[in-house]
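Here is how the chains run, residue by residue.
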Amino acid sequence: MSLWGFRFLLWYICVMFVQPQNRFTFLWPLRIANLAFVIATCLHVLSCLEGRRTLIRLGPGTVTALALLFFAMLSQQFGVYQISPAWNNYLDLIVKNALLLIMVEAMATSVERVWAVQMTMFFSTLWWVKGGLRLSALGATYSGDRLMGAAVSMIENPNGFAYMMCVFLPLYLYAFQQATKKWVKWSFLACALAAVWIVFETGSRTGLVTLIAIGIFLLPHYGKNHFKALLLIFAALYILFPLTGAKNRERFRTIPASIAAFFDPAEKEQTKARNQDEKSADERQAKNRDTWALIKTYPAFGVGINPDASQYEGRFPMASGQVHCEILMAGRQMGFIGMGMYLGFVSIIFFGGTWIRRHAAHWPAVRDLGWTFQMQAVAIAVGGAFSPLPWH
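These numbers come from a predicted model, not from an experiment.

## Re unusual backbone geometry
Positioned with a positive phi, Gln19 is a non-glycine residue whose angle comes to about 50°. Inspection of the secondary structure assignment puts Gln19 in the loop between helix 1 (2-18) and helix 2 (32-51).

And the structure:
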């Protein structure tokens, strides 16, 4: 029962990443994701009762997830501008992802199962890569040359697509490292290069900055252990980058000025006309400024998981809607506690990877998985500074 419960959990993860119901609409009434999770949970409970084991393991992920659920419920009830204590989309996302994390930590009791979770995500996101390449070939663009994402909620816009490609790029590189057959090895490297191409095609400045951060973290490891592959990657990037759209390359050139505007807290009087990208950077900077001011005003529980923005728009006009900074979005929902929860999850991924590398130095396949976790944490920390969804 334990094995079958774990298999249904992997199926749930696959469905959440691929979201086949968006393409095959007859699947919507079947609720296949919910069904898979319920079956996985029931089989896990029966297995624990049969083996006289505890239902959950109080590891760092589970403890942090339980704390997130607790404080999310408090914010839902006591957030000063919470619309209603009723169930809402934001709370739904928090609860489902927290429960998934708890179940993964409870059921992934061996290295093989941890590897299975990672490989399930790997093969599920190949659907994204396939969709991105197909959409690129068809010229499915948004606002000029910017590539749209496939019909999956996390990646359906260019910035989200680029961000998620960066998060899973280290996993493609891990698969490349571990493959034993040459044709499989180079196929995985091709997947990694396809992910980079998709980031270029989205025209996402967030994606490119995240790629640069990953590259800085990657150089010491690949320079020592995979020098030929590193040279091939750089050669491919040198060829691929000029092939992306001219408008995307122009957007990338605005990155230094956009970063400066994004992190500058001061308001500036504009004396000349601004293009769309400059306006976007100005708007994000204003949202960051007003959201931070809002958090400092309501530090305990924020303004609620799903607040009534009309109650605070008069004092903090730019703090409504989506704030393109995950830690500030978490702070708006749950105050400093929410910001701490967000930092806790990113820290668990990074320092968990450090722990794995130190304690599995004698086992290269596991040691390199720890390095993969660290790179993913870097991608989340950098890309999350410009993304609005802290609990994905």
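## Here's the deal with the layout of surface pockets
Considering only enclosed or pocket space, the second largest pocket measures out at about 360 Å³ in volume. Along its surface, the second largest pocket is lined by 19 residues, and Leu211, Gly215, Ile233, Phe234 and Leu237 are the ones closest to its centre. When contributions to the lining of the second largest pocket are tallied by element, the ones reaching two or more residues are helix 6 (158-178), helix 7 (182-202), helix 8 (205-225) and helix 9 (227-240). It is helix 8 that provides the largest number of residues to the lining of the second largest pocket, a total of eight residues. Considering only residue class, the lining of the second largest pocket consists of 18 nonpolar, one polar and no charged.

## Here we look at the packing of aromatic side chains
This structure, assessed with the given rule, holds 20 aromatic pairs. Between Tyr81 and Tyr312, the aromatic rings sit 6.0 Å apart at their centres with planes inclined by 35°, giving tilted as the arrangement. Taken together, the residues Tyr81 in the loop between helix 3 (60-78) and helix 4 (89-107) and Tyr312 in the loop between helix 12 (276-297) and helix 13 (326-359) connect sequence positions 231 residues apart. Neither residue differs from the other here; Tyr81 and Tyr312 are each classed as buried. Put simply, the rings of Phe122, Phe123, Tyr172 and Phe188 pair up and form one aromatic cluster. In this structure, Arg7 packs its charged tip against the face of Trp4, placed 4.7 Å from the ring centre. The side chain of Arg113 reaches across the aromatic face of Phe6, ending 4.7 Å from its centre.

## Here's the deal with the packing of helix 1 against helix 5 (residues 111-138)
In helix packing, the relevant descriptors are the interaxial angle and the interaxial distance, both defined with respect to the helix axes. With their axes 9 Å apart at the nearest point, helix 1 and helix 5 run at an angle of 30° to one another. In terms of their interaxial angle, helix 1 and helix 5 are classed as roughly parallel. The element helix 1 and its partner helix 5 pack so that their crossing is right-handed. Together, Ser2, Leu3, Phe6, Leu10, Ile13, Cys14, Phe17 and Val18 of helix 1 and Arg113, Ala116, Val117, Thr120, Met121, Ser124, Thr125, Trp127 and Trp128 of helix 5 make up the contact between the two elements.

Reading the values: rules and limits
Residues numbered from 1 in each chain as written. Predicted model: local features only at pLDDT ≥ 70, side-chain atom pairs only at ≥ 80, totals over all residues. Heavy atoms only, no water. Helix = DSSP H or I, 4+ residues; strand = E, 2+ residues; numbered from the N terminus. 1 Å grid on protein atoms, 1.4 Å probe; cavity = no way out; pocket = protein on both sides within 12 Å on 5 of 7 lines; lining within 4 Å. Points joined across faces, edges and corners; volume = space filled by probe spheres on them. Nonpolar A, V, L, I, M, F, W, Y, C, P; charged D, E, K, R; others polar. Phe/Tyr/Trp six-rings, centres within 6.5 Å; stacked < 30°, edge-to-face > 60°. Buried < 20%, exposed > 50% of the residue type's maximum accessible area, 1.4 Å probe, protein only. Lys NZ or Arg CZ within 6 Å of the ring centre and 35° of its normal. Axes fitted to C-alpha atoms, helices over the stretch in contact; angles between N-to-C directions. Parallel < 35°, antiparallel > 145°, perpendicular 65-115°, else oblique. Left-handed = near helix turned anticlockwise from the far one by under 90°. Contact = heavy atoms within 4.5 Å.

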